[in-house]
Amino acid sequence: KQEVTQIPAALSVPEGENLVLNCSFTDSAIYNLQWFRQDPGKGLTSLLLIQSSQREQTSGRLNASLDKSSGRSTLYIAASQPGDSATYLCAPRRSNDYKLSFGAGTTVTVRA
Amino acid sequence: KAGVTQTPRYLIKTRGQQVTLSCSPISGHRSVSWYQQTPGQGLQFLFEYFSETQRNKGNFPGRFSGRQFSNSRSEMNVSTLELGDSALYLCASSKSGSSEETQYFGPGTRLLVL
């Protein structure tokens, strides 16, 4: 069973700081890993999908890295803004699975 | 292009009742997955459908069931509701459900069981 851990559980930073969110997973036989954002009481918004053959994926101020062999992924958010306040979830997907396994998430608060 | 839609958005039921939730995937998507989100257990996979066939099922009791129609719309049903079934139920769609695809989630149905 894939176990996913996200550290820290919560993070509060002033506007403009860079954010570093960590995700670790126990089964390195993954096909890809997806990062999501969830606003309170809402659904999940896909941020980035990084394939197992990739080391990095970038979209705007977001950058995700993946070290499959060590079971780790990191999401970097540059120059944070109050609108970045949300819970961020990582979800690795095993090669023979149709499902995503989720961590508990990191709740980010960006103070204006 | 419209996103994943879920109906109803909110639902209040009492213990012992049953409930049916609906999910319409993005146009052209044929794979639909369902997840349950609770504060204690986080996001847990319920089941996945592709072309009206259930391909994968999570570790939930038989009270949880689902189906998919020929137009790819999906429903999930929970019978004999328990207090612990109170949760946000999310569905996600992708074109074929293959491992390399992005999953797109709907806004969820918030179920409260009293």
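Just above, that's the structure.
Conventions we followed
- Residues numbered from 1 in each chain as written.
- Chains lettered and ligands numbered in written order.
- Predicted model: local features only at pLDDT ≥ 70, side-chain atom pairs only at ≥ 80, totals over all residues.
- Heavy atoms only, no water.
- Contact = heavy atoms within 4.5 Å.
- Buried area = accessible area lost by both parts, 1.4 Å probe.
- Salt bridge = Lys/Arg side-chain N within 4 Å of Asp/Glu carboxyl O.
- Polar contact = N/O pair within 3.5 Å; in protein donor to acceptor, adjacent residues only side chain to side chain.
- Helix = DSSP H or I, 4+ residues; strand = E, 2+ residues; numbered from the N terminus.
- Nonpolar A, V, L, I, M, F, W, Y, C, P; charged D, E, K, R; others polar.
- Buried < 20%, exposed > 50% of the residue type's maximum accessible area, 1.4 Å probe, protein only.
- Disulfide = S-S within 2.5 Å.
- Pairing = 2+ DSSP bridges.
- Axes fitted to C-alpha atoms, helices over the stretch in contact; angles between N-to-C directions.
- Phe/Tyr/Trp six-rings, centres within 6.5 Å; stacked < 30°, edge-to-face > 60°.

**Things to note about the interface of chain B and chain A**
Then, number 1: Listed by partner, the interface residues are 21 residues for chain B and 21 residues for chain A.
Then, number 2: Carbon and sulfur atoms supply 52% of the area buried between chain B and chain A, which totals about 1,700 Å² over both sides.
Then, number 3: The three residues of chain B that bury the most area against chain A are B:Leu43, B:Ser99 and B:Phe105, which together make up 30% of that side's buried surface.
Then, number 4: At the junction of chain B and chain A, the tally comes to zero salt bridges.
Then, number 5: For the pair chain B and chain A, the interface holds four residue pairs in polar contact (both at pLDDT 80 or more).
Then, number 6: Of all the secondary structure elements, the ones that give two or more residues to the side of chain B that touches chain A are β4 (31-38), β5 (42-50), β6 (53-57) and β9 (87-94) of chain B.
Then, number 7: Per-class residue counts for the side of chain B that touches chain A are seven nonpolar, nine polar and five charged.

**Considerations on the pattern of salt bridges**
Residue and element names in this part refer to chain B.
Then, number 1: Inspection of every chain in the model, using the stated rule, returns nine salt bridges over all chains.
Then, number 2: Of the charged contacts, one joins Arg63 and Glu82 as a salt bridge, the two residues approaching to 3.6 Å between their closest N and O atoms. With Arg63 in the loop between β6 and β7 (64-68) and Glu82 in the loop between β8 (74-78) and β9, this pair connects stretches of sequence that are 19 residues apart.
Then, number 3: Residue Asp85 is joined to Arg63 by a salt bridge in which the shortest nitrogen-to-oxygen separation is 2.8 Å. With Asp85 in the loop between β8 and β9 and Arg63 in the loop between β6 and β7, the pair connects residues that are 22 residues apart, well separated along the chain.
Then, number 4: Residue classification places Asp85 among the buried positions, given a relative accessible area of 4%.

**Focus on the state of the cysteines**
Then, number 1: Scanning the entire structure with this criterion turns up two disulfides over all chains.
Then, number 2: The disulfide partner of A:Cys23 is A:Cys90, and the gap between their sulfur atoms is 2.0 Å. In this structure, the disulfide formed by A:Cys23 and A:Cys90 twists by about 70° around the S-S bond and is classed as right-handed. Here A:Cys90 lies in strand β9 (residues 86-94) and A:Cys23 lies in strand β3 (residues 19-25), a separation of 67 residues in the sequence. Across the pair, exposure class does not vary: A:Cys23 and A:Cys90 are buried alike.
Then, number 3: The disulfide partner of B:Cys23 is B:Cys91, and the S-S distance across this bridge is 1.9 Å. On the S-S bond that ties B:Cys23 to B:Cys91, the torsion sits near 70°, and the link is right-handed. Of this pair, B:Cys23 sits in strand β3 (residues 19-24) while B:Cys91 sits in strand β9, and the two are 68 residues apart along the sequence. Exposure class is identical for B:Cys23 and B:Cys91. Each is buried.

**What about the sheet that holds β7(B)?**
Residues and elements named next belong to chain B.
Then, number 1: Taken together, the four strands give an open sheet; going across it, the order is β1-β3-β8-β7, and neighbouring strands pair in antiparallel fashion. What marks the edges here is a single partner per strand, and that holds for β1 (5-7) and β7. In this sheet, neighbouring strand axes are inclined to one another by 20° on average, regardless of whether the strands run parallel or antiparallel.
Then, number 2: By the bridge criterion, five bridges tie β3 to β8 in an arrangement that is antiparallel. Across the sheet, residue Thr20 finds its bridge partner in β8, namely Asn77.

**Topic: the packing of aromatic side chains**
Then, number 1: Inspection of every chain in the model, using the stated rule, returns eight aromatic pairs over all chains.
Then, number 2: Between A:Phe102 and B:Phe105, the aromatic rings sit 6.1 Å apart at their centres with planes inclined by 75°, giving edge-to-face as the arrangement. Taken together, the residues span two chains, with A:Phe102 in the loop between β9 and β10 (106-111) and B:Phe105 in strand β10 (residues 104-105).
Then, number 3: Under the relative-accessibility criterion, A:Phe102 is labelled buried at 11%.
Then, number 4: Judged by its relative accessible area of 10%, B:Phe105 falls in the buried class.

**Things to note about the environment of B:Lys57**
Residue and element names in this part refer to chain B.
Then, number 1: Within the element layout of this structure, Lys57 appears in strand β6.
Then, number 2: Assessed through its relative accessible area of 38%, Lys57 is described here as partly exposed.
Then, number 3: If we ignore the near neighbours within four places in the chain, the residues touching Lys57 are Phe45, Leu46, Phe47 and Phe64.

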